[in-house]
Amino acid sequence: MTTTSRTPWALLLAAAATLMVTMGARQTTGLFVAPIHESTGVGIAAISFALAIGQFTWGAVQPVFGAIADKRGSTGVLVLGAVLLAIGLALTPWMTSQWGLMFTLGLLTAAGAGAGSFSILIGATAQQMAPEKRSFAAGFINAGGSMGQFVFAPLVQMMISVAGWATAMYGLALASLAAIPLAWPLRRRTAQAPAAHAGDVPVEMTLREQLGVALRDRSYWMLHLGFFTCGVHIAFLVTHLPGEIALCGLPASVSAASIALIGLFNVAGSLAAGALGQRYRMKWILAVMYASRALMIAIYLVSPPTPLTFYVFAAALGFTWLATVPPTAGLVGKLFGPRYLGTLFGLTLLSHQLGGFFGAWLGGVVMERFGDYSLMWYGDMALALLAAAANLPIRENAPRLKLATA
């Protein structure tokens, strides 16, 4: 951990703005599924598979980029991510096959967004924050990503309607380059080592030793299990909610408004989760959020398919949408300290996105085979309850550190 004369707000605002750009571009991809299908003839399941690859790639690169950022600083990682994201988005309109979409949406854009996402940004700020402030910091940064979804969704849908989906992709590519100057405030500065905080990992512990400690800890694996199931239903919804709304005979504007509402209400949810994490056990916060999702889906399934139903569902779901990130990151930091938070939280995000792969892909498969998403909704409820149960046995005290001996 390092100290700096900069105010924490400068760091937090830069990190939140970066996540606003990368998540705004990433969380609106579901709006492109139908236009790409109609323009290229590529099947819904094939497009869903390309986006599912993107879900996994986004998670897979984060522990890698997180480890690089932990060792060398986050600036280069963030700049590289912005460039990859812009290139991937700009090339997508030229792709007319599943393989082409897998390359652009599945690899380039996902890797770029992952390099400018949670683990890198939260890791970069946590090392310069007191332990009791890290949960709030994670919530504040996460709120930036949700605000990006709120801002980008209606703009993207408007561009698609007015100028076509290809122009909308080019606009997103241009907007993603705004993340480059935002990397500068997050650069690492050399400073004298501070006094150790309670719960922080000793600075002499290597990354390999820290990974060994984490992988032997049951609580860490419970976080992975809960986050995996979270990834399934988050990816399913962000990819296929527009398709569900279209099945109900509602216009695309309802889809854009619903996605925007998810982002808007998650701003409040993220800030609330970050603040509550400073006062209550974070495992209870996670369990309540996951269980509430099962209840929300059940209410949605018995409600009439009207625009108001989708708006209320989106608002309620949005409050917990990615509000799971602050307490999850907070628990990882509480268990293992901030030194390798980018790597360790990146690994939990990998589990989340492994679930995301199945959520995005299976949603398309179920739709093509059965003609609707009913099976996915019921599976979502079951997995939400599983995620809630997985968090109950988590210990919030730091595990005993057993360093390897020669």
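Please refer to the structure placed before this passage.
Residues numbered from 1 in each chain as written. Predicted model: local features only at pLDDT ≥ 70, side-chain atom pairs only at ≥ 80, totals over all residues. Heavy atoms only, no water.

Structurally, the position occupied by Thr309 is in helix H14 (residues 307-320). Using a relative accessible area of 12% as the deciding quantity, one classes Thr309 as buried. Here the alpha-carbon distance between Thr309 and Ser258, two residues 51 residues apart in the chain, equals 10.0 Å. Here Thr309 is in contact with Tyr300, Ser303 and Pro304, once residues within four sequence places are set aside. Polar contacts involving the side chain of Thr309 include one to the main-chain carbonyl oxygen of Pro304, which spans 2.6 Å. (Helix = DSSP H or I, 4+ residues; strand = E, 2+ residues; numbered from the N terminus. Buried < 20%, exposed > 50% of the residue type's maximum accessible area, 1.4 Å probe, protein only. Contact = heavy atoms within 4.5 Å. Polar contact = N/O pair within 3.5 Å; in protein donor to acceptor, adjacent residues only side chain to side chain.)

The next subject is the pattern of salt bridges. All chains considered together, the criterion is met by one salt bridge. With a shortest N-O distance of 3.3 Å, Asp217 and Arg395 are connected by a salt bridge. Of this pair, Asp217 sits in the loop between helix H10 (207-215) and helix H11 (218-247) while Arg395 sits in the segment after helix H17 (374-391), and the two are 178 residues apart along the sequence. Assessed through its relative accessible area of 31%, Arg395 is described here as partly exposed. (Salt bridge = Lys/Arg side-chain N within 4 Å of Asp/Glu carboxyl O.)

By size, the foremost hydrophobic cluster in this structure holds 114 residues, and its most contacted members are Phe32, Phe118, Ile122 and Phe345. In terms of residues, this core owes the most to one element, H11, which gives 11 residues. Excluding anything up to four places from it in sequence, Phe118 contacts Leu19, Met23, Trp58, Gln62, Gly123, Asn142, Leu322, Val325, Phe345 and Leu349. (Core = buried A, V, L, I, M, F, W, Y, C linked by side-chain atoms within 4.5 Å.)

Take H10 next. Those residues of H10 not exposed but buried are Gln210, Gly212, Val213 and Ala214. Here the buried face of H10 lies against H11, helix H15 (325-336) and helix H16 (341-370).

Before going further, it helps to examine helix H4 (residues 75-91). Given a rise of 1.5 Å per residue, 17 residues ought to cover 24 Å, and the 25 Å separating the end C-alpha atoms of H4 matches this to within 8%. Every buried residue of H4 is listed here: Val77, Leu78, Gly81, Ala82, Leu84, Leu85, Ala86, Gly88 and Leu89. (Expected span 1.5 Å × (residues − 1).)

Once that is clear, we can look at the packing of H4 against helix H8 (residues 165-176). At a closest axis distance of 8 Å, the pairing of H4 and H8 adopts a crossing angle of 170°. The orientation of H4 relative to H8 falls into the category roughly antiparallel. Mapping the contact onto sequence places Ala82, Leu85, Ala86, Leu89 and Ala90 in H4 and Met169, Tyr170, Leu172, Ala173 and Ser176 in H8. (Axes fitted to C-alpha atoms, helices over the stretch in contact; angles between N-to-C directions. Parallel < 35°, antiparallel > 145°, perpendicular 65-115°, else oblique.)

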